[in-house]
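# An overview of the molecular structure
Letter by letter, the chains look like this.
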Amino acid sequence: MSDSSTTVINNTAQPAAAAKPKAIAKSDKHIWGIFIALCIISVIELYSASSREVSSSSLGVIGPIVRHLFMLAMGVGITWFLSRRHYSDFALFTIVFSVLSAAAMIYVMFYGNYVNGARRSFSLLGIGIFPAEMVKISAVLLVALIMTLNQDPHGIGITRKGMIWATGVLVFFSALLIEQGLTNTLLLFGITISMMIIGGVKWKHLGGMFLFVGVCAMAFIGYLWVTEVRGSGIPADATQDVETVESGTKASSRLDTWVARLSRHSADSVPKWEIEPVGMDRQEILSYMAQANGGIHGVGPGNSREASRLPLAFSDYIYAIVIEELGLIGGLVVLTLYLWLLARAAGIASRCVITYPALIVMGMAVMIVIQALFHIGIVTGFFPVSGQPLPLISKGGTSIFVTCIAFGIMLSVSRTASRHGFKRQDISDEKASLPEQLRDENKMQLN
């Protein structure tokens, strides 16, 4: 992959034989609409969900929302800037951003700040940077680039060499993520597998990848078990009390935490409504109470009862506040927005003439939607409790910026990638302007 990637970088960084064509379509209005709607919902709900932070803010009541508006404004700028680029620019961006993400992740593994029992972040210009969010989008972009450079010349899918490189990327980034938490690693795995299935990867290749990844996972779990890593005595629970979360101390081993979460999720001896919201169960039960309080129509924006008690209402449990204030109807609207984004991206990808834009637009959409479904599934009790932000709605600088990068890439593809039904001259000009390695015609199973 390194030789091919170098060729792509050189060809995209230097003037090509033909200049890049201008935009051949307007940015997709549906994607812009979904982006704006999520931003509006984020501002409204985060204002309610941040009540616990008001006392610690020098700006008082408006402090948390001012910070969030600043992050959203920067995110909107990132989205707009990337939407004006040609999609072929993202080949070089992928390499650079992936190197930076991996370097940041390695730094955090040794020198990062403890958040929720593991080293997860570092500060840059007063902003907390969480490299795990960067790693996810880096892996998606790298897999898309590898799949593009290794298309099977005899049919749909990628070559054996491409599959080996894609598996290597998955294992490498999973190794960086696993110590921080199992959820992010499973997310990365789910997103990558989804991209490969959509891209038509052969089932025997997928089976081989599953086997190899499974062996690596078992080896890592065995390593944790043999070394008997134990922490400082803080209970290895799924949520931890807010005092533990805010203290920045290290919790018990990640293996203990994973086992505890799965055990608690599978235990059904006591109905949820009979469990007191204290200790390990505090956040989970309070989130259920918030959702029950919302009912069908909700209590209205700003009227949340549980936001002041739910420790991570502004991030890991913001969907509970959405349902409490906007009701079941509002919760379904938010879910529909994410599913609508996936459907819109699939529509664009299915019509793309070239493989690369089809893969990156689907990769970005799948990344956002799977993470949103994980968050919703955790908050509603379908999945074991874990920390996962709701894309673009939860508080968080890195999460917002990464989601905005994904939206910018999707908008760029909708604006600059030729699609079936466009003028033949536009399609010819696009192919002529691209490096030879990016000219393969789209043969994905979406067609």
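For the structure, check the block above.
Residues numbered from 1 in each chain as written. Predicted model: local features only at pLDDT ≥ 70, side-chain atom pairs only at ≥ 80, totals over all residues. Heavy atoms only, no water.

When helices and strands are counted, the protein shows 15 helices and three strands. Considering the protein as a whole, with its 447 residues, one finds that 53% of them fall into the buried category. Long-range pairs, those at least 24 residues apart, make up 74% of the contacts in the protein between residues at least 6 apart in sequence. About 19,300 Å² of surface is accessible on the protein, with carbon and sulfur atoms providing 65% of the total. (Helix = DSSP H or I, 4+ residues; strand = E, 2+ residues; numbered from the N terminus. Buried < 20%, exposed > 50% of the residue type's maximum accessible area, 1.4 Å probe, protein only. Contact = heavy atoms within 4.5 Å. Areas by Shrake-Rupley, 256 points an atom, 1.4 Å probe, with all protein chains shown as cover.)

We now examine the sheet that holds strand β3 (residues 127-129). What the three strands build is an open sheet, ordered β1-β2-β3; its pairing is antiparallel. Two strands close off the open sheet at either side, each with one partner strand: β1 (113-115) and β3. When the angles between neighbouring strand axes are averaged without regard to direction, this sheet yields 50°. Pairing geometry for strand β2 (residues 118-124) and β3, over three bridges, is antiparallel. (Pairing = 2+ DSSP bridges. Axes fitted to C-alpha atoms, helices over the stretch in contact; angles between N-to-C directions.)

Strand direction decides the pairing type here: β1 and β2, joined by three bridges, are antiparallel. Its bridge partner being in β2, Asn113 is matched across the sheet by Ser121. In sequence, β2 turns back onto β3 through a hairpin of two residues, with Leu125 there showing a positive phi of about 55°.

What follows covers helix α5 (residues 131-149). In this model, α5 (19 residues) spans 26 Å end to end at C-alpha, consistent with the 27 Å of a helix rising 1.5 Å per residue. Burial analysis of α5 places 19 of its 19 residues in the buried class, the great majority of the element. (Expected span 1.5 Å × (residues − 1).)

Phe407 and Met410 are the most contacted members of the largest nonpolar core, which has 119 residues in total. It is helix α13 (residues 355-379) that contributes the most residues to this core, 17 residues altogether. Setting aside residues no more than four positions away along its own chain, Phe407 makes contact with Ile31, Ile34, Phe35, Leu38, Thr79, Leu341, Ile368 and Leu392. (Core = buried A, V, L, I, M, F, W, Y, C linked by side-chain atoms within 4.5 Å.)

This part takes up empty space enclosed by the protein. Per the counting criterion, the structure on display carries one cavity of 30 Å³ or more. The wall of the largest cavity is formed by Glu133, Lys136, Met367, Ile368, Gln371, Pro391, Ser399, Val402 and Thr403. At the level of elements, α5, α13 and α14 (397-416) are the ones that each hand at least two residues to the lining of the largest cavity. When grouped by side-chain class, the residues that make up the lining of the largest cavity number four nonpolar, three polar and two charged. (1 Å grid on protein atoms, 1.4 Å probe; cavity = no way out; pocket = protein on both sides within 12 Å on 5 of 7 lines; lining within 4 Å. Points joined across faces, edges and corners; volume = space filled by probe spheres on them. Nonpolar A, V, L, I, M, F, W, Y, C, P; charged D, E, K, R; others polar.)

What follows covers unusual backbone geometry. Backbone geometry at Leu392 places phi at a positive 75°, although glycine is not the residue there. What makes Leu392 buried here is its relative accessible area of 0%.

Here we come to the pattern of salt bridges. A complete count under the given rule lists six salt bridges for this structure. Between Asp152 and Lys202 there is a salt bridge; the shortest N-O distance is 2.6 Å. Here Asp152, found in the loop between α5 and α6 (160-177), pairs with Lys202, found in the loop between α7 (182-198) and α8 (203-227); they are 50 residues apart in sequence, far enough to count as distant. Judged by relative accessible area, which is 31%, Lys202 ranks as partly exposed. Note that Glu306 is salt-bridged to Arg305, the shortest N-O span being 2.8 Å. Looking at Arg305, the relative accessible area reads 45%, which means it is partly exposed. When salt bridges that share partners are traced, they join Arg305, Glu306 and Arg309 into one network. (Salt bridge = Lys/Arg side-chain N within 4 Å of Asp/Glu carboxyl O.)

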